[in-house]
Amino acid sequence: MVRKKKQVFDEGYLKALNSKNIEWIDIGVKGLIDFIPGLPKGDAILVRGEPGTGKTILALQFMYTGIKNGETVVYITTEETPETIIRTGAELWSDFPQMLQDKKFVIVNLSINASYASEFSLINKGEVMAIVLKVLDATPDVSRIVIDSLSALERRLVDPSEFREVFMKLLLETKKRGATTILTAEGIPKRPDIPEYLVDHLIYLDYQKHDVIWTRVFVLRKSRSVPLQPRILKLNIETQGLWVEEIPISLKPVWFASKL
Ligand SMILES: Nc1ncnc2c1ncn2[C@@H]1O[C@H](COP(=O)(O)OP(=O)(O)OP(=O)(O)O)[C@@H](O)[C@H]1O
Ligand SMILES: [Mg+2]
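Residues numbered from 1 in each chain as written. Chains lettered and ligands numbered in written order. Predicted model: local features only at pLDDT ≥ 70, side-chain atom pairs only at ≥ 80, totals over all residues. Heavy atoms only, no water.

Engineer: Honestly, the packing of aromatic side chains in this entry has me stumped. Any pointers?
Structural biologist: In this description, a pair of aromatic rings is defined by centroid distance and the angle of the planes. Inspection of every chain in the model, using the stated rule, returns 5 aromatic pairs. Relative to Phe-96, the ring of Trp-93 has its centre 6.0 Å away and its plane inclined at 40°; by these criteria the two rings are tilted. The positively charged end of Arg-144 is found above the aromatic ring belonging to Phe-62, 4.8 Å away from the centroid. (Phe/Tyr/Trp six-rings, centres within 6.5 Å; stacked < 30°, edge-to-face > 60°. Lys NZ or Arg CZ within 6 Å of the ring centre and 35° of its normal.)

Written as structure tokens, this is what we have:
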């Protein structure tokens, strides 16, 4: 007797596995489309890198692309004040101030200059979630969320051991809403931890030194459902924002590769 193979997944799940059903979105990094079809809508993307590597600009460009697309964006800033975020956006794109005036995005201020119960600008997990959920609940059509940065958020907590719970809850709330989310964090860890494993995509931004030239590099380190080998791309930050390209042969990444 030939036994019928047990069906492990239901039809719906198998259908969802078909990449044709993925809604690819443009995260705003120009040139990335030459390497991948986009990133799946509703996923969580962690962007990690040393200071000045372009995390905030990438997050802003993700927001700007969403607004241009008619989407609703919530930008949670825990490090920079809303004023500097707006200043950078206005420096990059001339139509950014108009977007602000037209209330095309909401900035949630969890930076040092926000008003907190503690006079030392520290906050507990309940306060973080109350502030964030108030805005998210008032923005039901949100489709892009930025949290810049997780590291500063961890520092702002009265009890840093609460960070894991805050991170889990934030991720859960963004997923529940189906919003594509960019989270940033400082540095490239020697040993990846919970955030690196829990997110759907992991991007590293770094510098590569070549004689006296410092080159910015962009690595899509992990990307669930995206057909891509991890690879190093050259990252350029210019007056209109950031873009990536194939790394020139002359800048073959030697020391950077050893970090991966
Ligand atoms: N208009 C511009 N043209 C060219 N380069 C720029 C422009 N604006 C900013 N930069 C460069 O981009 C770099 C990256 O800035 P960004 O604020 O995104 O870094 P970051 O990774 O968020 O740093 P941090 O960890 O300190 O928050 C800046 O240090 C600056 O050198
Ligand atoms: Mg930053």
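Structure shown, so let's carry the discussion forward.
Engineer: Looking at this structure, how should I read the sheet that holds strand S6 (residues 142-148)?
Structural biologist: Sheets are built from strands paired through backbone hydrogen bonds, the pairs being either parallel or antiparallel. Pairing is mixed across the open sheet formed by 9 strands, whose spatial order is S5-S4-S6-S7-S3-S8-S9-S10-S11. The sheet is open, and its two edges are formed by strand S5 (105-109) and strand S11 (241-246), each paired on a single side. In this sheet, neighbouring strand axes are inclined to one another by 25° on average, regardless of whether the strands run parallel or antiparallel. Sheet topology note: the strand S4 (residues 72-77)/S5 ladder contains 5 bridges and is parallel. Counterpart to Val-74 in the pairing with S5 is Val-106. (Pairing = 2+ DSSP bridges. Helix = DSSP H or I, 4+ residues; strand = E, 2+ residues; numbered from the N terminus. Axes fitted to C-alpha atoms, helices over the stretch in contact; angles between N-to-C directions.)

Engineer: How should the packing of helix H5 (residues 125-138) against helix H7 (residues 163-176) be read in this particular structure?
Structural biologist: How two helices sit against one another is set out by the angle between their axes and by the gap between those axes. Running from N to C, H5 and H7 cross one another at 20°; their axes reach a closest spacing of 10 Å. In terms of orientation, H5 and H7 fall into the roughly parallel class. Helix-helix and strand crossings are classified by hand; for H5 and H7 the assignment is right-handed. Contact residues: H5 offers Lys-125, Val-128, Met-129, Val-132 and Leu-133, while H7 offers Glu-165, Val-166, Lys-169, Leu-170 and Glu-173. Taken together, the residues that form the contact of H5 with H7 break down as 6 nonpolar, no polar and 4 charged. (Parallel < 35°, antiparallel > 145°, perpendicular 65-115°, else oblique. Left-handed = near helix turned anticlockwise from the far one by under 90°. Contact = heavy atoms within 4.5 Å. Nonpolar A, V, L, I, M, F, W, Y, C, P; charged D, E, K, R; others polar.)

The analysis is restricted to geometry; functional conclusions fall outside its scope.
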